[in-house]
Amino acid sequence: MKNLSDWKTLYTPDMEELPYSVYLRSQNLSGKTVFDYHAHPWNQFTYATEGTLIVDVQSSRYIITPEQAIWIPADTLHSSGALMDTALRTLYIRTSTQLRMPGAITVYAITPLLRTLILELERMESDAEDTVYTEKVNDLIIEQLYRLKCMDFHLPWPQSPLLRKICEAVYEQPDDEKTAWEWGNELGASARTLTRHFEKETGMSLREWRRKVRLFRAMEWLEKGMPVTTIAMSLGYSSVSAFVYMFRTQTGLSPTEWRKK
């Protein structure tokens, strides 16, 4: 993963072939740990039951929360890491005529049924001899994959070290209101240079990016059961109603409705 020199690199397990059509690999990752660039001869569906993943694919970076998963086609060079302590659940999937999935990186919304099926595979890891039932669960997973809703919803992440430092700080403290001028003074760069490069690498202004970060963190904290009032204050909103208005405008749901869906 580019420019994450302060992160701990993890060993990427070698596998020659998959024992099933769908194979689950479960691993709990500590914050700021990363699997360096690699590729598999099979497809990958990466999901975290808890925490936040960063996935680098080609020139794009995706932030994946527990509401999402990312589809990585076979032989795609990629890197993945944990921004914070994360419960990683990765499905390795053989290519077959039954697999009606795209040949490009795609972010999906996770459904309750697919989440349950993934957890069932995890539970079955201790019962490796029940191959008939395992393949039945795998078949259901494959049927569910192509029914998932695509999300044009990811958080652009810059590649340059200076901008990455800003983004990591804002992600950790989303109520931060520093302007490009204040960041420039702190990091020894002009506001104009920061603004130009930030927009070039993310496609949006720092203010727009911060607004999107707050939405992502809100979803993450709602998933963890944090009270709406606490979330609103932690994100820097002056009132709960202001936070609820933002959340409803972006998602079509109130925070409470989002938590229940």
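Attention here is on the structure that accompanies the text. Just so you know, these numbers come straight off a predicted model, no measurement behind them.

Calculation rules
- Residues numbered from 1 in each chain as written.
- Predicted model: local features only at pLDDT ≥ 70, side-chain atom pairs only at ≥ 80, totals over all residues.
- Heavy atoms only, no water.
- Pairing = 2+ DSSP bridges.
- Helix = DSSP H or I, 4+ residues; strand = E, 2+ residues; numbered from the N terminus.
- Axes fitted to C-alpha atoms, helices over the stretch in contact; angles between N-to-C directions.
- Phe/Tyr/Trp six-rings, centres within 6.5 Å; stacked < 30°, edge-to-face > 60°.
- Buried < 20%, exposed > 50% of the residue type's maximum accessible area, 1.4 Å probe, protein only.
- Lys NZ or Arg CZ within 6 Å of the ring centre and 35° of its normal.
- Contact = heavy atoms within 4.5 Å.
- Polar contact = N/O pair within 3.5 Å; in protein donor to acceptor, adjacent residues only side chain to side chain.
- 1 Å grid on protein atoms, 1.4 Å probe; cavity = no way out; pocket = protein on both sides within 12 Å on 5 of 7 lines; lining within 4 Å.
- Points joined across faces, edges and corners; volume = space filled by probe spheres on them.

Now for the sheet that holds strand β3 (residues 33–38). The strands that make up a sheet pair up through hydrogen bonds in the backbone, lying either parallel or antiparallel. Spatial strand order, β1-β3-β8-β5-β6: five strands in an open sheet with mixed pairing. Each edge of the open sheet is held by one strand with a lone partner, namely β1 (8–10) and β6 (60–64). Sheet twist, expressed as the mean angle between neighbouring strand axes with direction ignored, is 25°. Judged from the four bridges that link them, β3 and strand β8 (residues 78–82) form a sheet pairing that is antiparallel. Each residue of the ladder has a partner; that of His38, found in β8, is His78.

A few words on the packing of aromatic side chains. By the definition in use, this model includes six aromatic pairs. Their ring planes at 65° and their centres at 5.6 Å tell us that Trp157 and Trp209 sit as a pair that is edge-to-face. Of the two residues, Trp157 is situated in the loop between α2 (131–145) and α3 (161–172) and Trp209 in helix α6 (residues 206–223); the sequence distance between them amounts to 52 residues. A relative accessible area of 3% means that Trp157 is categorised as buried. On the basis of relative accessibility, which here comes to 0%, the residue Trp209 falls in the buried class. Stacked on the ring of Phe35, the Lys or Arg Arg25 has its end atom at 5.3 Å from the ring centre. When the ring centre of Tyr237 is taken as reference, the NZ or CZ atom of Arg214 above it lies at 5.7 Å.

Attention shifts here to the environment of Val57. The residue Val57 is located in strand β5 (residues 53–57) in this model. The class of Val57 is buried, set by a relative accessible area of 1%. Through-space distance from the C-alpha of Val57 to that of Tyr37 is 8.8 Å; in sequence the pair is 20 residues apart. For Val57, the residues in contact, after removing those within four places along its chain, are Thr76, Leu77, His78 and Ile105.

A word on the side chain of Ser21. If you trace the backbone, Ser21 turns up in the loop between β1 and β2 (22–29). For Ser21, a relative accessible area of 16% gives the class buried. There is a polar contact of 2.9 Å between the side chain of Ser21 and the side chain of Glu135. Those residues in contact with Ser21 that lie beyond four places of it in its chain are Tyr92, Ile93, Arg94, Glu135, Asn138 and Ile142.

On to the sheet that holds β2. Strand order in this open sheet of five strands is β2-β9-β4-β7-β10, and the pairing throughout is antiparallel. At either margin of the open sheet sits one strand with a lone partner, and together these are β2 and β10 (106–109). Sheet twist, expressed as the mean angle between neighbouring strand axes with direction ignored, is 25°. Of the strand pairs in this sheet, strand β7 (residues 68–72) and β10 are connected by four bridges, and their pairing is antiparallel. Among the inter-strand pairings, Trp71 is bridged to a residue of β10, identified as Thr106. Packing against the sheet, α2 makes contact with β2, β4 (43–50), β7 and β9 (86–93), and its axis sits at approximately 80° to β2.

As a volume, the second largest pocket reaches approximately 370 Å³. In this structure, the second largest pocket is lined by 21 residues; those nearest its centre are Glu177, Lys178, Leu206, Arg207 and Arg210. Going through the elements one at a time, α3, α4 (180–187), α5 (191–202) and α6 are the ones with two or more residues in the lining of the second largest pocket. Ranked by residue count, the leading element in the lining of the second largest pocket is α6, at five residues.

Honestly, it's all geometry; don't read function into it.
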